[in-house]
Amino acid sequence: MRVLLTGSAGQVGRALLPLLRERADVISPLRDQFDLSRPDELAGKLESIKPDLIVNPAAYTAVDRAEDERELAFRINAEAPRAIAQWAAPRGVPLIHFSTDYVFDGSGDRPWREDSTPGPLSVYGQSKLAGDLAIAEAGALHVIARTSWVYAASGANFLKTIVRLAGEREQLRIVADQIGAPTTASTISQAIVAMLPLGGDGLRKTFEQRGGVVNLVCAGETSWHGFATAIVVGLQSRGVKLAVKEIVPIRSDEFPVKAKRPSNSRLDLTLLRERFGIAPPDWQQALDRELDIFQATI
Ligand SMILES: NC(=O)C1=CN([C@@H]2O[C@H](COP(=O)(O)OP(=O)(O)OC[C@H]3O[C@@H](n4cnc5c(N)ncnc54)[C@H](OP(=O)(O)O)[C@@H]3O)[C@@H](O)[C@H]2O)C=CC1
Ligand SMILES: Cc1cn([C@H]2C[C@H](O)[C@@H](COP(=O)(O)OP(=O)(O)O[C@H]3O[C@@H](C)C(=O)[C@@H](O)[C@H]3O)O2)c(=O)[nH]c1=O
Ligand SMILES: [Mg+2]
């Protein structure tokens, strides 16, 4: 069984790599060998790799920068997944891809389901939605895991930003009117491998019977302010000395950024439980584990 894993230097790819390696031969080319910004070249690369399964966590994830780099974000997040799916479809090769809460407009306060109507507010969200639709349109066997607020002890993410700012400043000002589920890369990758029977012909059957979009986030919900507070409290309880004295909850309009983010990023976990029997940990529990890992690295 040969698995092609993209983005293995990113948060989700890095967490997936050792788990997949335990179960399959993994080919994990970096950007220089498998460049998603050159979708036209991907079919040729895939033809020489000949994977039995493709796992594609590589993506353009710079939400604010995407507002100025629309063309590049769409090439990487929409045209590349389309090219991969067009190669995979006629060969019956299944594709695991990743989507985001940012495909939604954030209205209301009910958790979004997989069949809820999207309405992205940002170029990043639009480009990711276009990728999701392109994969389905190409007719490839696929699972698209829709996740949110991804972080890990390493990588570029909100946890690392808060660690840095809390070490430098006495006051943090963090938006409290965007609600979602912080999700560790490790939670995502464990769920992904739990979905996959990697031997025999069970793999194709899994995708035929249970394919499509599935929400995959930690359980529970909080705001970015709640998440930042839990990070700071968790670090302090581990004896980490920080400069921060106050974490002020603010409204989104008090923190000007280029890209608009959804207020309601809640994703419903019912389908993940019913279709795959997977129940992710609460975000607080996952954060606790990630802070233990983080602490061991400092
Ligand atoms: N981060 C988040 O909060 C969320 C992420 N998602 C989705 O989950 C998936 C995984 O995200 P995550 O692991 O956090 O992302 P990261 O930003 O941590 O990693 C993205 C990876 O993609 C690679 N990449 C970027 N551009 C290219 C390119 N042109 N060709 C090849 N590789 C490229 C990067 O390579 P390099 O190291 O060279 O830059 C990096 O390894 C993505 O689909 C993302 O949209 C969904 C919801 C939330
Ligand atoms: C650093 C900082 C951020 N914020 C706010 C800005 C924003 O609304 C929120 C999160 O900031 P970030 O820019 O880290 O998050 P952002 O890059 O928008 O994170 C998103 O990334 C993409 C890839 C996704 O798919 C999403 O699920 C989500 O995780 O916190 C503050 O209010 N104060 C601060 O000091
Ligand atoms: Mg970001």
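Residues numbered from 1 in each chain as written. Chains lettered and ligands numbered in written order. Predicted model: local features only at pLDDT ≥ 70, side-chain atom pairs only at ≥ 80, totals over all residues.

Per an unreviewed UniProt entry, the protein goes by the name dTDP-4-dehydrorhamnose reductase and belongs to Bradyrhizobium guangdongense. Per its UniProt entry, the protein bears the Function (unreviewed entry) comment "Catalyzes the reduction of dTDP-6-deoxy-L-lyxo-4-hexulose to yield dTDP-L-rhamnose." Database annotation for the protein, UniProt heading Sequence similarities (unreviewed entry): "Belongs to the dTDP-4-dehydrorhamnose reductase family." (UniProt positions renumbered as here; feature names shortened; annotations may be inferred.)

Visitor: Where do I start with the sheet that holds strand 1 (residues 2-5) in this structure?
Guide: Where strands meet in a sheet, backbone hydrogen bonds hold them as pairs that are either parallel or antiparallel. Taken in spatial order, the six strands of this open sheet run 2-1-3-4-5-10, and their pairing is parallel. The open sheet has two free edges, formed respectively by strand 2 (25-27) and strand 10 (212-215), since each of these has just one partner strand. The average undirected angle you get between the axes of adjacent strands in this sheet is 25°. Pairing geometry for strand 1 and strand 2, over three bridges, is parallel. (Pairing = 2+ DSSP bridges. Helix = DSSP H or I, 4+ residues; strand = E, 2+ residues; numbered from the N terminus. Axes fitted to C-alpha atoms, helices over the stretch in contact; angles between N-to-C directions.)

Visitor: What exactly am I supposed to notice about the site of ligand 2 here?
Guide: Near ligand 2 there are 20 residues, and of these T61, T100, V175, W224 and F255 occur at the shortest range. Residue assignment for the shell around ligand 2 shows that the elements contributing at least two residues are helix 6 (158-168) and strand 7 (171-175). If one sorts the elements of the shell around ligand 2 by residue count, strand 7 sits on top with four residues. Looking at the shell around ligand 2 residue by residue, the classes come out as 12 nonpolar, five polar and three charged. (Near = placed C-beta within 6 Å. Nonpolar A, V, L, I, M, F, W, Y, C, P; charged D, E, K, R; others polar.)

Visitor: Would you explain the site of ligand 1 in this entry?
Guide: Around ligand 1 lies a shell of 26 residues, among which G10, A58, A59, F98 and V150 are the nearest. Listed by contribution, the elements that provide at least two residues to the shell around ligand 1 are helix 1 (11-21) and strand 4 (95-100).

Visitor: Can you help me understand the packing of helix 1 against helix 7 (residues 185-195) in this one?
Guide: Packed helix pairs are specified by the crossing angle of their axes together with the interaxial distance, meaning the distance between the axes. Interaxial distance between helix 1 and helix 7 falls to 8 Å at its minimum, and their mutual angle equals 45°. By the angle between their directions, the pair helix 1 and helix 7 is classed as oblique. The hand of the helix 1/helix 7 crossing is right-handed. Only A185, S186, I188, S189, I192 and V193 of helix 7 make contact with helix 1, whose side of the interface consists of Q11, V12, R14, A15, L16, L19 and L20. Class assignment for the residues of the contact of helix 1 with helix 7 results in nine nonpolar, three polar and one charged. (Parallel < 35°, antiparallel > 145°, perpendicular 65-115°, else oblique. Left-handed = near helix turned anticlockwise from the far one by under 90°. Contact = placed C-beta atoms within 7 Å.)

Visitor: What's the story with the pairing of strand 3 (residues 53-56) in this structure? I'm lost.
Guide: Here is the key point about a regular strand: its side chains alternate between the two faces of the sheet. Burial along strand 3 is two-sided: L53 and V55 facing one way and I54 and N56 facing the other are all buried. Relative to strand 3, strand 1 runs parallel, the two sharing three bridges. Paired with L4 across the strands is I54, a residue of strand 3. Judged from the three bridges that link them, strand 3 and strand 4 form a sheet pairing that is parallel. Its bridge partner being in strand 4, I54 is matched across the sheet by L95. (Buried ≥ 20, exposed ≤ 12 C-beta atoms within 10 Å, placed from the backbone.)

Visitor: Whenever I open this one, helix 6 confuses me. Can you help?
Guide: Here helix 6 has its buried residues at L159, I162, V163 and A166. On an axial view of helix 6, the arc spanned by its buried residues comes to 105°, and they lie on one face. Across from the buried face of helix 6, at angles greater than 90 degrees, the exposed residues are R164 and E168. Here the buried face of helix 6 lies against strand 6 (150-151), strand 7 and helix 9 (224-237). (Arc of directions from axis to C-beta.)

Visitor: Help me understand the environment of L271, please; the structure alone is not making it clear to me.
Guide: Looking at where L271 falls in the secondary structure, it is placed in helix 10 (residues 270-276). When near neighbours in sequence (up to four residues on either side) are disregarded, L271 contacts E114, V214 and N215.

Visitor: It is not clear to me how unusual backbone geometry should be interpreted in this structure. Could you clarify?
Guide: Trans is the prevailing form of peptide bonds, just as negative phi is the prevailing case for residues other than glycine. Its identity is not glycine, yet K50 carries a phi of approximately 50°, on the positive side. Looking at the element boundaries, K50 is found in the loop between helix 2 (42-49) and strand 3. Phi at W149 takes a positive value of approximately 45°, unusual for a residue other than glycine. Structurally, W149 can be placed in the loop between strand 5 (142-147) and strand 6.

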